[in-house]
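Single-letter residue listing:
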Amino acid sequence: MVVESQPAVGSVRPPGDLNPRRDPALDFPDADFGELSAADYQVLGFMSGLEVHQQLITRSKLFCRCPAGRFVEEYDAEVLRHMRPTLSELGEYDGTALMEFKTKKEIVYQLERGSVCTYEMDDTPPFEVDDEAVRIAIEISLLLNLNLVAELHVMRKQYLDGSIPTGFQRTAMVGLSGVIPFRVPELGVNRELRIRQLSLEEDSCREISDIGHRITFRTDRLGMPLTETVTEPDLLTPLELQAAGRLLARVARATGKVRRGSGAARQDVNVSVAGGRRIEIKGVDNHKGLPPLVHIEAFRQLNLLRVKAELERRGVTGEMLFVPDGGRPWEVSPNVFDASTALQPCDFAPIHDSLQRGEKVIAVRLPGLGGLLNHRTQPGVSFAREFADRIRVIACPVHRPFMMHSDLRDYGLDPRQWRILQKQLKAESGDAMMVVWAPETDAATAVREIFIRAHDALKGVPAETRQAYRDGTNGFERILPGPDRMYPDTDTPPLPIPDSAVIEVRAGLPETPWVREERYRDLGIDDAAARRLAAADWADLFDELALAAGDGARRLAAALEKRIPHQRRQGRLTSLPEAERLRPLVRAAETGAIRPEAFELALDELIEDREAPPDKVLSTFCPGTEDRAELESAIAEVLNRPDAPVGKPGDVIVRWAMGQLMRRFIGRVDAQAVKGRLVEALQTAATEVEG
Ligand SMILES: [Zn+2]
């Protein structure tokens, strides 16, 4: 029997996407992110890797001469397309292609004259590859210690979600197989990170909306050059993954030729646990959200493996969970019932409205799945959402909600209606029932997807790509593309990379983060502080000042780390101060012209009052010839103030008076000297009173 619910995609996948350990830690209790140690992740068999997509700063797009980085809000024209699967070179339909076809999407491209030409719309062949982009890609490859290819071979990578009108992305490998130092003292990590490869690619369209069967893209971003950097799955805890992401970002930024800001760097993460499968979560645009995201995915996989084990225990088999091909599912399977008439009238508003619109309400029996739909898979998410996600993405119902299930009996239907469905479907106590409502065609697609997902539950973790949500959970995006999704681009000849270009790029290479850290350690800055400084955006400012700081480099590093974030929090620092403005202070501290304790105060003043001449600011903190005389009169003045705690114990008065005096004399007179003079003055006063 031919079964549509078991697409061939599963059978042709290479086993490479399975976690090398096949023994899931089924007894390991669910835990929130932050509760587990590195040893716990080892027990889970946690593995992860990164693919970082980084936009480059170039004038032009990669294969045409449209401007790169021009983002528009208006458009001059719209183009409508439909996706159709085409046979691959091997004469097979790709699973992803079939999935995209099933969604029956209309794809709308919004075009703006200044940011797109006929190349992006597949009406003219590619121009020569952008030279600037190639050089930046070589530069980042060299920083990552990758082996450069001798020639760029442009390949086509299938891209079927509509975000590239041609249905493929042009991509060329630039470097492969490199290692970089991976040193994270706070995680106890000191080893190497293997980089698999770096490719130069075109960016896809920006998605504007995705409603029902219509998805809309804007083409301004399409064709912009990106580098894609892929690590090996060497990252063994969520925090290691985050540290690696940050490290790769710093390497790219060291060139000064990569774009910053929202959407300029996007990461796909691969994660698996023992017994599970490499799952790719797409498009994470910040590092902060990475650790909880992969932690939650690790436990989603573990929970899917628990569901699998339970189904095996119950004796549920693949044959029990499919729908014969051909016709409407409710016409060909006793496990599917068209309840559109049986549920009339219905008090439950979503079903009532659906029937009013002339849609179908379909009930499905899932043998042996009773109780499992409520099984937790992610925080606040149950196994049922695996089904809902697939229906949402592939059947594209416009109205929400569009489904319910029998593990939540209090929701939707009343007990009498559930009994009707149970009777019609011959559902037993160990079975689950699902109800979907949608236009007839979508409902048929939805039902088939329900059985595909139920069938996949027997495999544990199905091969798919997933999307990250803001709350740290993730959801189905699409079936993982087949292994044959890359093929040579016949429009572009191989492009040799001349040695001269490599020599030129090599000569101008910036410092890598790890070399920078080492340089800071050599200045006497401790390990952790050196790492933080190398990652800080004021590292260049520090470098400009370090020579003047001499032995005071540590003090300078500490002061910048303390005061710059503080001033930012206060809203007083929108851009970093110029080195010229701070240099007199750094020099004064180095020569001893200003006392160490005044350093940060003077720094604050220089930052806060950007108009004041630095010399004038410094003079208020530098010792002068009149300081002693001024101190004497200030002591008298302070002790005679009406708010002086007269009559209190001596040490209380001293502490209070010191607070008043040091505000004025810090940097100019040593605190011990001020205290000495204060105590003397108090003693003299006491003697006078006694006398
Ligand atoms: Zn163009």
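Bear in mind the structure is a predicted one, so any value in this text is a computation, not a measurement.

Engineer: Which residues make up the overall build of the protein chain, and what are the values?
Structural biologist: Each helix and strand counted, the protein chain has 22 helices and 23 strands in total. By the compact-globule yardstick of 26 Å for 691 residues, the protein chain is too spread out, its C-alpha radius of gyration being 33 Å. Along the first, second and third principal axes, the C-alpha atoms of the protein chain reach 115 × 70 × 50 Å. Each of the 691 residues in the protein chain was classed as buried or not, and the buried ones make up 53%. Contacts spanning at least 24 positions in sequence make up 74% of the contacts within the protein chain whose residues lie at least 6 apart.

Engineer: How would you explain the pairing of strand β1 (residues 47-55) if you had to name every residue and give the values?
Structural biologist: The buried count for β1 comes to 8 of 9 residues, which makes it a mostly enclosed element. Sheet topology note: the β1/strand β12 (residues 265-272) ladder contains 8 bridges and is antiparallel. Residue pairing for β12: Q54 is matched across the bridge by A265. Examined bridge by bridge, β1 and strand β11 (residues 225-231) share 5 bridges and lie antiparallel to one another. Among the inter-strand pairings, Q55 is bridged to a residue of β11, identified as L226.

Engineer: Could you give me a rundown of the packing of aromatic side chains, with the residues and numbers involved?
Structural biologist: According to the stated counting rule, one finds 8 aromatic pairs in the structure shown. Their ring planes at 20° and their centres at 6.0 Å tell us that Y109 and F217 sit as a pair that is stacked. With Y109 in strand β3 (residues 106-111) and F217 in strand β10 (residues 214-218), this residue pair connects regions lying 108 residues apart in the sequence. Its relative accessible area of 2% is what places F217 among the buried residues.

Engineer: Explain a nonpolar patch on the surface to me, using residue names and the numbers behind them.
Structural biologist: Nonpolar side chains collect at one region of the surface, where F33, L187 and L239 lie side by side and expose about 220 Å² of accessible area between them. With respect to the helices, strands and loops of the structure, L187 is situated in the loop between β7 (168-184) and β8 (189-202).

Engineer: An account of the coordination of the zinc ion is requested, with residue identities and associated values reported.
Structural biologist: Coordination of the zinc ion by the protein comes from C64 (SG), C66 (SG), C117 (SG), E120 (OE) and E120 (OE), over a distance range of 2.2 to 2.6 Å. Of note, the donors binding the zinc ion are all from one chain and are spaced C-x1-C-x50-C-x2-E. The buried category is assigned to E120, whose relative accessible area is 3%.

Engineer: Describe the environment of D32, with residues and values.
Structural biologist: Relative to the assigned elements, D32 resides in the loop between α1 (9-12) and α2 (38-44). For D32, a relative accessible area of 43% corresponds to the partly exposed category. When the C-alpha positions of D32 and F299 are compared, they lie 9.3 Å apart, and in sequence the two are 267 residues distant. Excluding its chain neighbours within four sequence positions, the residues that come into contact with D32 are H295 and R376.

Engineer: Report on the environment of A25, specifying residues and quantitative values.
Structural biologist: Position of A25 relative to the elements: it lies in the loop between α1 and α2. Judged by relative accessible area, which is 16%, A25 ranks as buried. In sequence terms A25 and R306 are 281 residues apart; their C-alpha atoms lie 9.4 Å from each other. Beyond its immediate sequence surroundings of up to four residues, A25 is in contact with V43, L44, L302 and R306.

Engineer: I'd love a proper account of the sheet that holds strand β15 (residues 360-366), names of residues and values included.
Structural biologist: As summarised here, the arrangement of the 4 strands in space is β14-β15-β19-β18, forming an open sheet in which the pairing is antiparallel. Two strands lie at the open edges of the sheet, namely β14 (336-338) and β18 (403-405), each paired on one side alone. When the angles between neighbouring strand axes are averaged without regard to direction, this sheet yields 20°. Alignment of β15 against strand β19 (residues 432-438), held across 7 bridges, turns out to be antiparallel. The partner of V361 across the bridge, within β19, is W437.

Engineer: Break down helix α5 (residues 238-254) for me, with residues and values.
Structural biologist: Counted at 1.5 Å a residue, the expected span for α5 with its 17 residues is 24 Å, and the 25 Å between its end C-alpha atoms agrees. Most of α5 sits out of view: 13 of its 17 residues are buried. Count one or two residues on from α5 and you reach G256, which has phi positive near 70°.

Engineer: Which residues make up the packing of helix α15 (residues 539-549) against helix α16 (residues 553-569), and what values do they have?
Structural biologist: Interhelical geometry of α15 versus α16 gives an angle of 145° and a closest axis separation of 9 Å. Crossing angle aside, the handedness with which α15 passes α16 is right-handed. Within the contact between the two elements, α15 uses L541, F542, L545, A546 and A549 and α16 uses A553, L556, A557, L560 and I564. A class-by-class count of the residues in the contact of α15 with α16 yields 10 nonpolar, no polar and no charged.

Engineer: Lay out the nonpolar core in plain terms, naming residues and giving numbers.
Structural biologist: Residues L144, F182, V364, L366, L369 and F387 are the most contacted members of the largest nonpolar core, which totals 100 residues. The dominant element in this core, judged by the number of residues it contributes, is helix α6 (residues 290-313), at 10 residues. Ranked by size, the runner-up nonpolar core spans 56 residues in total, among them L541, A579, L585 and L678.

Engineer: Can you break down the sheet that holds strand β2 (residues 77-82) residue by residue, with the values?
Structural biologist: Spatially, 4 strands are ordered β2-β3-β10-β9 in an open sheet, and the strand pairing comes out mixed. At either margin of the open sheet sits one strand with a lone partner, and together these are β2 and β9 (206-211). In this sheet, adjacent strand axes meet at a mean angle of 20° when their direction is disregarded. Pairing between β9 and β10: 5 bridges, direction antiparallel.

Engineer: Mind laying out the pattern of salt bridges, listing which residues take part and the relevant values?
Structural biologist: As enumerated under the stated definition, the model contains 72 salt bridges in all. Among the salt bridges present, the one from D537 reaches R568, with a minimum N-O distance of 2.9 Å. Remark: R568 occurs in helix α16 and D537 occurs in the loop between α14 (527-535) and α15; sequence separation between them is 31 residues. What makes D537 partly exposed here is its relative accessible area of 47%.

Engineer: Give a detailed account of unusual backbone geometry, specifying residues and quantitative values.
Structural biologist: Peptide bonds are trans in most cases, and residues, glycine excluded, mostly fall at negative phi. Omega for the peptide link from Q344 to P345 comes to -10°, which places this bond in the cis form. Within the element layout of this structure, P345 appears in the loop between β14 and α8 (349-356). Notably, D122 is not glycine yet its phi reads approximately 70°, a positive angle. Following the sequence through the fold, D122 ends up in the loop between β3 and α4 (131-143). Overall, D122 belongs to the partly exposed group, its relative accessible area being 41%. For S177, which is not a glycine, the phi torsion comes out positive at approximately 50°.

Reading the values: the criteria
Residues numbered from 1 in each chain as written. Predicted model: local features only at pLDDT ≥ 70, side-chain atom pairs only at ≥ 80, totals over all residues. Heavy atoms only, no water. Helix = DSSP H or I, 4+ residues; strand = E, 2+ residues; numbered from the N terminus. Rg over C-alpha atoms; globule rule 2.2 N^0.38 Å. Buried < 20%, exposed > 50% of the residue type's maximum accessible area, 1.4 Å probe, protein only. Contact = heavy atoms within 4.5 Å. Pairing = 2+ DSSP bridges. Phe/Tyr/Trp six-rings, centres within 6.5 Å; stacked < 30°, edge-to-face > 60°. Patch = residues over 30% accessible without salt bridge, like charges linked within 9 Å, V, L, I, M, F, W, Y side chains within 5 Å. Areas by Shrake-Rupley, 256 points an atom, 1.4 Å probe, with all protein chains shown as cover. Salt bridge = Lys/Arg side-chain N within 4 Å of Asp/Glu carboxyl O. Donors = N, O, S within 2.8 Å, 3.2 Å for Na, K, Ca; no water. Axes fitted to C-alpha atoms, helices over the stretch in contact; angles between N-to-C directions. Expected span 1.5 Å × (residues − 1). Left-handed = near helix turned anticlockwise from the far one by under 90°. Nonpolar A, V, L, I, M, F, W, Y, C, P; charged D, E, K, R; others polar. Core = buried A, V, L, I, M, F, W, Y, C linked by side-chain atoms within 4.5 Å.

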